[in-house]
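Commentary on secondary and tertiary structure
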Amino acid sequence: MTIEIKEMNGGYTAEFSGRLDTPAAVQATKDMQPLMEQADKEIILDCTNLEYISSSGLRLFLSLRKETAAKGGKVIIKNINDEIKKVFMMTGFYNLFEIK
């Protein structure tokens, strides 16, 4: 699991690759700390290369959403595959996020 964060147009993009499962979520929490600190900005989570997301990964996305909501920012999720879309639909996350 890797996360590459880029500053773009006054906001940030985080590109996820691999499996965001429970073991990977520990490191991902640390890797995403700069996004938490910039939660007043627009943050795009690019899931083009994200293969899988566990409940720990969902919790991480939700924590970022809560932080941006509190600070006036916004989270947009892009390019989720069909399997992850199913998980988002079943858990209600599809209605919590702007998904493109």
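Let me sum up the structure you'll find in this document. (Residues numbered from 1 in each chain as written. Predicted model: local features only at pLDDT ≥ 70, side-chain atom pairs only at ≥ 80, totals over all residues. Heavy atoms only, no water.)

Glancing now at the nonpolar core. One finds F16, L45, F61, I77 and F88 to be the most contacted residues of the largest nonpolar core, which totals 27 residues. Broken down by secondary-structure element, the contributors of at least two residues to this core are β2 (11-20), α1 (22-31), α2 (33-37), β3 (42-53), α3 (55-71), β4 (74-78) and α4 (82-91). Ranked by residue count, the leading element in this core is β3, at five residues. What L45 contacts, discounting residues up to four positions off in sequence, is A14, F16, L35, F61, L64, V75, I76, I77 and K78. (Core = buried A, V, L, I, M, F, W, Y, C linked by side-chain atoms within 4.5 Å. Buried < 20%, exposed > 50% of the residue type's maximum accessible area, 1.4 Å probe, protein only. Helix = DSSP H or I, 4+ residues; strand = E, 2+ residues; numbered from the N terminus. Contact = heavy atoms within 4.5 Å.)

Another point: α4. Two or three places before E83, at the start of α4, stands the capping residue N81, its side-chain oxygen 3.0 Å from that residue's backbone nitrogen. Positive phi appears at G92, one or two residues downstream of α4, with a value of about 85 degrees. (Polar contact = N/O pair within 3.5 Å; in protein donor to acceptor, adjacent residues only side chain to side chain.)

A few words now on the pairing of β4. As judged from the five bridges shared by β3 and β4, these two strands associate in the parallel manner. Its bridge partner being in β4, I44 is matched across the sheet by I76. Each parallel crossover has a hand, and for β3 linked through α3 to β4 it is right-handed. One ladder, built from two bridges, connects β4 with strand β5 (residues 98-99); its direction is parallel. (Pairing = 2+ DSSP bridges. Right-handed = clockwise from strand over helix to strand, strands pointing away.)

Once that is clear, we can look at the side chain of T13. Note on placement: T13 falls in strand β2. With relative accessibility at 9%, the residue T13 sits in the buried group.

The next point concerns the packing of α1 against α3. Two measures define how a pair of helices packs: the angle their axes make with one another and the distance between the axes. For the pair α1 and α3, the least separation of the axes is 8 Å and the interaxial angle reads 25 degrees. Here α3 runs roughly parallel to α1, going by the angle between their axes. On α3, the residues touching T22, A25, A28 and T29 of α1 are S56, G57 and L60. Class assignment of the residues belonging to the contact of α1 with α3 gives a composition of three nonpolar, four polar and no charged. (Axes fitted to C-alpha atoms, helices over the stretch in contact; angles between N-to-C directions. Parallel < 35°, antiparallel > 145°, perpendicular 65-115°, else oblique. Nonpolar A, V, L, I, M, F, W, Y, C, P; charged D, E, K, R; others polar.)

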